[in-house]
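What the coordinates show
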Amino acid sequence: YANKASKPQIAYKEKWTKREISQYRGQTPDTPILIGLKGKVFDVSAGRGFYGAGASYNVFAGRDASRLLAKQEFDDG
């Protein structure tokens, strides 16, 4: 894919701080979107339509969403 080369790269990390992951909320079309679940971090940038700014599940972006998903809280919890 030609577009794949322009995708921003995210360095692999064993552990992320809340501050680090919070920088990846997909505020702009070029910003990656990360979600933390039970100690693991996932790049959900391909689902920007769901997790990007203004989208239905944006509340999960850039944070550990484990508790929000477990309690099925779809607001800022």
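So, how was this worked out
- Residues numbered from 1 in each chain as written.
- Predicted model: local features only at pLDDT ≥ 70, side-chain atom pairs only at ≥ 80, totals over all residues.
- Heavy atoms only, no water.
- pLDDT = per-residue confidence, 0-100.
- Contact = heavy atoms within 4.5 Å.
- Helix = DSSP H or I, 4+ residues; strand = E, 2+ residues; numbered from the N terminus.
- Buried < 20%, exposed > 50% of the residue type's maximum accessible area, 1.4 Å probe, protein only.
- Polar contact = N/O pair within 3.5 Å; in protein donor to acceptor, adjacent residues only side chain to side chain.
- Patch = residues over 30% accessible without salt bridge, like charges linked within 9 Å, V, L, I, M, F, W, Y side chains within 5 Å.
- Areas by Shrake-Rupley, 256 points an atom, 1.4 Å probe, with all protein chains shown as cover.
- Salt bridge = Lys/Arg side-chain N within 4 Å of Asp/Glu carboxyl O.
- Pairing = 2+ DSSP bridges.

Here we take up the confidence of the model for the chain. On average, residues of the chain score 84 in pLDDT, and 86% of them are at 70 or above. Taken together, the stretch residues 1-5 has pLDDT below 50 and engages in zero contacts with residues farther than four places along the chain or on a different chain.

Before going further, it helps to examine the side chain of Ser45. Within the secondary structure layout, Ser45 lies in the loop between β2 (40-43) and α2 (48-51). On the basis of relative accessibility, which here comes to 14%, the residue Ser45 falls in the buried class. Among the polar contacts made by the side chain of Ser45, one reaches the main-chain amide nitrogen of Ile33 at a distance of 2.9 Å. Of the polar contacts made by the side chain of Ser45, one reaches the side chain of Asp43; its length is 2.5 Å.

Below, the discussion takes up a nonpolar patch on the surface. Taken together, the side chains of Phe50, Tyr57, Leu69 and Phe74 define a hydrophobic patch exposed on the protein surface, amounting to about 390 Å² of accessible area. Mapped onto the fold, Phe50 is located in helix α2. The class of Phe50 is exposed, set by a relative accessible area of 52%.

Now for the pairing of strand β1 (residues 34-37). In the sheet, β1 pairs with β2 via four bridges, with the strands oriented antiparallel. Note that in β2 the partner of Gly36 across the bridge is Val41. As consecutive antiparallel partners, β1 and β2 are separated by two residues, and within that stretch Lys38 has a phi angle of approximately 50°, a positive value.

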